[in-house]
Amino acid sequence: MTVIHNLGFPRIGKQRELKRAVEAYWANELSQEALLQTGKELRARHWALQKAAGVDLIPVGDFAWYDQILEWTCLLGAVPARFEHAAAAEVDVDTLFRMARGRAPQGKPAAACEMTKWFDTNYHYIVPEIAPGQRFRVARTALLEQIEEAIEQGYSVKPVIPGPLTWLWLAKGEAYTEGAADAAKLELLSALVPVYQEVLARINALGVEWVQIDEPILAVDLPTEWRDAFKAVYASLERSGVRILLATYFDGLRDNVSVLQGLPVAGVHIDAVRAPEQIDTVRAQLSSGQVLSVGVINGRNIWRTDLDKAAAVLKPLKAELGERLWLAPSCSLLHVPVDLESEEGLDAELYSWLSFATQKLQELQWLRALVDGNADDALEANVLAQRHALLTRAQSSRTHNPKVAASVEKLATLKRDREPFATRIAAQQARLNLPAFPTTTIGSFPQTQEIRKLRSEWRSGALSDTAYEKEIRAEIERVIRFQEEVGLDVLVHGEAERNDMVEYFGELLGGFAFTQNGWVQSYGSRCVKPPIIFGDVLRPIPMTVAWSEYAQSLTTKPVKGMLTGPVTMLQWSFVRDDQPRADTCRQLALALRDEVHDLEAAGVKVIQIDEPAIREGLPLRKADWEAYLAWAVDCFRISTSNIASDTQIHTHMCYSEFNDIIQAIAAMDADVITIETSRSNMELLEAFENFHYPNDIGPGVYDIHSPNIPDQAWMVALMRKAAKRLPAERLWVNPDCGLKTRGWPETTKALQTMVAAAKELRLA
Ligand code: GLN
Ligand code: ZN
């Protein structure tokens, strides 16, 4: 039988048990012993489940208290000095938590390590910190203990560890200025590789045959030095005696495929979902003894696999490679929810189209039977049911709506260009009559306990529509009065009706579905439940107009309409795989366009379309950026097409690294863009300055992630800095991001200070 294996299973548990346990431990409500016990139970459950699904090699090392990269950083003993970790001591779970979040039940608090997105996923890892002369040692034995634990329970295990080159690539340090690619980091390999060798030797001594070493950097643009480093590193690791399966995923190897030539590893895993075309090129690099593991079940999305299509690709491979062909999901299943069977609210048809981690392993088993040609009756029945489900999905009127198709068709002739910015801003100024350095906020105001309670009571039916509407209106009135009192210039309605900026819109749009328990780890104990875009996106009714219209009716000052942009909705959802992402995005853009027009017709003079996710949607390879940015920008322009010159369009992005994409940002042609800049001390406005960014900009003057309130002089100084880089008449004054996570006392103070700062700036 063909070997099937798994690259990693979600560790959070069906009921998010890991989150609950970890948070209880942080709150001193659970002992460390009980915490460790929960971990043990979750691992045992997940191993059993994978074994039951026929997985031959069970991954160990995919479990992590917070993040798998952090676990590995701790194993390597790379604990930054500020955590005052004793040189020879075992890195315990409290040190690990302090690195992740700055504090833990035991040990002194210190500044947490940085966190960032794992390649092009919505998972965040803790960034390793390194310094020249960095020392490494095996400083944490949790992985070795877990391997023993699994062996004792009778499993054939395949430990999964981050590769040395990927770990170094992700690591940062003050001494390394060029970011990931800095070749100076490679000097640390001579210290790092011996520790890898030791770990592998210890794993080998436990009787383990295969170890999966993840090198996802093989899917990104690599400088020559990095590519060249693979051969020597893997030659050293091979000597440890274990058989190494080098795992790549998230895209094809493309020009990095040369790394494989003569690479001394026992096998290679490739992502054949993202890059099916690489099967042939990779196979051509392998020698006669090497295993090719083909990732054919999508580890990044939740749709059932077309088993026939996959089998058609795999059968000739099987004939050629025999035992050397392995099958697996494309990447770790960390990125999909645990079990579809936890869903009770989905309709039967949609349910039949979906596959979560547990189901994906069943699919893998069915696929093996098809490839090996030994499907029994029960299996045949499953495969038949799957075929049927795929057929209904392809033909369903819920996935293909002629009305949507008709409006997409019309896009070919839609005029996206608005009047020139100079004309627009003059018309807007005549209508809005704003002072210099106008003040505004990003949209949300504190989401208090009462507001959350209101929404959940309404959802559960305990609160009637009328009562709910009355309460939300009262809240809107409160925030409008508050903003008037503080003296802000462009007001917002406060977003009290929204629990989440994507979910709110998804629930009102056609083509979206929501799960009850489809949780996916985002970072640490934080999980998200991404919406599922299963069909053509349609806006049956206005989504925000009533709230915005009401807010505007309360005041003579302009109130911004507040929408989530098409790319952000796409990026934070599971997206249908039966058409290009760009097509789905255009449908979202058209739905938003209807909303923009309705808002305009209702007398809303300023409309903000948030696109915080545009940058994170960038493909892994630079060569793919242009195509992506072209459609991403086009979608924004579709949403804002054909509106009056004197309707002011804002956008917001909560990051500030624009160097790479400033041209695209400018092409969006929003009248005003608000961005996050305060933490970088306005340094990051450089991109806008160098590009001579022509439209208005609101560089955030204070960090909303912290409860601290910077003083007026500080905000004024920041704005003066900004004014050195950009024309003062183009500048707005606003916080970095929305205020929903803040409390009212600090929000009041901060905004009062901000308005006072703007007034001071106007005097100068
Ligand atoms: N308008 C949203 C808010 O203020 C924007 C959130 C975001 O940028 N992520 O909360
Ligand atoms: Zn933001």
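### Here we look at the overall build of the protein chain
When you go through the protein chain residue by residue, the secondary structure sums to 26 helices and 20 strands. Projected onto the principal axes, the alpha-carbon positions of the protein chain cover approximately 75 × 60 × 50 Å. Here the protein chain, with 764 residues, has 60% of them falling under the buried criterion. Total accessible area computed for the protein chain in this model is approximately 29,200 Å², and 51% of it derives from carbon and sulfur atoms.

### Remarks on the pairing of strand β20 (residues 696-699)
Alternating positions in β20 separate into two faces, D696 and G698 on one and I697 and P699 on the other, with burial throughout. As paired elements, strand β19 (residues 672-675) and β20 share four bridges and run parallel to each other. Its bridge partner being in β20, V672 is matched across the sheet by D696. Handedness of the crossover is the feature at issue here: the chain leaves β19, passes through helix α24 (residues 686-691), returns alongside β20, and the resulting connection is right-handed.

### Some thoughts on the state of the cysteines
One pass over the structure, following the stated rule, counts zero disulfides. Among the cysteines around C635, which has no disulfide bond, C585 carries the closest sulfur, lying 3.5 Å off.

### Regarding helix α9 (residues 278-285)
Three or more residues of α9 are buried, namely Q278, I279 and V282. The arc that holds every buried residue of α9, seen down its axis, measures 105°, which confines them to one face. Elements that come into contact with the buried residues of α9 comprise β8 (267-271), β9 (291-297) and α10 (307-321).

### A look at the pattern of salt bridges
Applying the stated criterion across every chain yields a total of 50 salt bridges. A salt bridge links D646 to R431; its shortest N-O distance comes to 3.5 Å. Residue D646 is located in the loop between α22 (625-639) and β18 (648-653), and its partner R431 is located in helix α15 (residues 421-432); the two are separated by 215 residues in the primary sequence. Exposure remark for R431: the relative accessible area of 33% places this residue in the partly exposed category. Through salt bridges with shared partners, a single ionic network connects D221, R227, D255 and R621.

### What about the pairing of strand β14 (residues 532-538)?
Across the seven residues of β14, six count as buried, placing the element largely inside the fold. Here strand β11 (residues 510-513) runs beside β14; their pairing, made up of three bridges, is antiparallel. Within the sheet, the bridge partner assigned to A513 lies in β14 and is I532. The pairing of β14 with strand β16 (residues 574-575) spans two bridges and is parallel.

### Looking at the coordination of the zinc ion (ligand 2)
Protein-derived coordination of the zinc ion (ligand 2) comes from H652 (NE2), C654 (SG) and C737 (SG), at a distance range of 2.0 to 2.5 Å. Geometry at the zinc ion (ligand 2) is irregular, judged from the four donor atoms that bind it and their angles of 85 to 122° at the metal.

### Topic: the packing of aromatic side chains
In total, this model carries 24 aromatic pairs according to the counting rule given. With 4.9 Å between their ring centres and 90° between their planes, F63 and W65 make a pair best called edge-to-face. In this structure F63 comes out as buried when scored by relative accessible area, which is 6%. A residue is classified by how much of its surface remains accessible, and W65, at 5% relative accessible area, is buried.

### Remarks on the sheet that holds β8
Taken in spatial order, the eight strands make up an open sheet running β1-β10-β9-β8-β7-β6-β5-β2, and their pairing is parallel. Lying at the two open borders of the sheet, with one neighbouring strand each, are β1 (3-4) and β2 (58-60). Taken together, the three bridges between strand β7 (residues 243-247) and β8 define a ladder with parallel strand orientation. Paired with L245 across the two strands is G267, which belongs to β8. Helix α5 (residues 142-152) contacts β2 and β5 (157-162) of the sheet and is inclined by roughly 160° relative to β5.

### Let's talk about the layout of surface pockets
Counted as a void, the second largest pocket has a volume near 460 Å³. Lining the second largest pocket are 18 residues, and of these W458, Y504, L508, M543 and W547 sit closest to its centre. The set of elements that each furnish at least two residues to the lining of the second largest pocket consists of α16 (449-460), α17 (465-486) and α19 (545-553). Residues that form the lining of the second largest pocket fall into these classes: ten nonpolar, two polar and six charged.

### Side note on the site of ligand 1
Taken together, the residues surrounding ligand 1 are I442, G443, S444, E495, M501, D610, P612, H652, C654, C737 and G738. I442 is positioned with one of its backbone polar atoms (N or O) 3.1 Å from a nitrogen atom of ligand 1. Protein coverage of the free-state accessible area of ligand 1, which is 300 Å², stands at 92%. For the shell around ligand 1, the class distribution of residues is five nonpolar, four polar and two charged.

Cut-offs used in this document
Residues numbered from 1 in each chain as written. Chains lettered and ligands numbered in written order. Predicted model: local features only at pLDDT ≥ 70, side-chain atom pairs only at ≥ 80, totals over all residues. Heavy atoms only, no water. Helix = DSSP H or I, 4+ residues; strand = E, 2+ residues; numbered from the N terminus. Buried < 20%, exposed > 50% of the residue type's maximum accessible area, 1.4 Å probe, protein only. Areas by Shrake-Rupley, 256 points an atom, 1.4 Å probe, with all protein chains shown as cover. Pairing = 2+ DSSP bridges. Right-handed = clockwise from strand over helix to strand, strands pointing away. Disulfide = S-S within 2.5 Å. Arc of directions from axis to C-beta. Contact = heavy atoms within 4.5 Å. Salt bridge = Lys/Arg side-chain N within 4 Å of Asp/Glu carboxyl O. Donors = N, O, S within 2.8 Å, 3.2 Å for Na, K, Ca; no water. Tetrahedral: all angles 85-135°; square planar, octahedral: opposite > 155°, others 65-115°. Phe/Tyr/Trp six-rings, centres within 6.5 Å; stacked < 30°, edge-to-face > 60°. Axes fitted to C-alpha atoms, helices over the stretch in contact; angles between N-to-C directions. 1 Å grid on protein atoms, 1.4 Å probe; cavity = no way out; pocket = protein on both sides within 12 Å on 5 of 7 lines; lining within 4 Å. Points joined across faces, edges and corners; volume = space filled by probe spheres on them. Nonpolar A, V, L, I, M, F, W, Y, C, P; charged D, E, K, R; others polar. Near = heavy atom within 4 Å. Polar contact = N/O pair within 3.5 Å; in protein donor to acceptor, adjacent residues only side chain to side chain.

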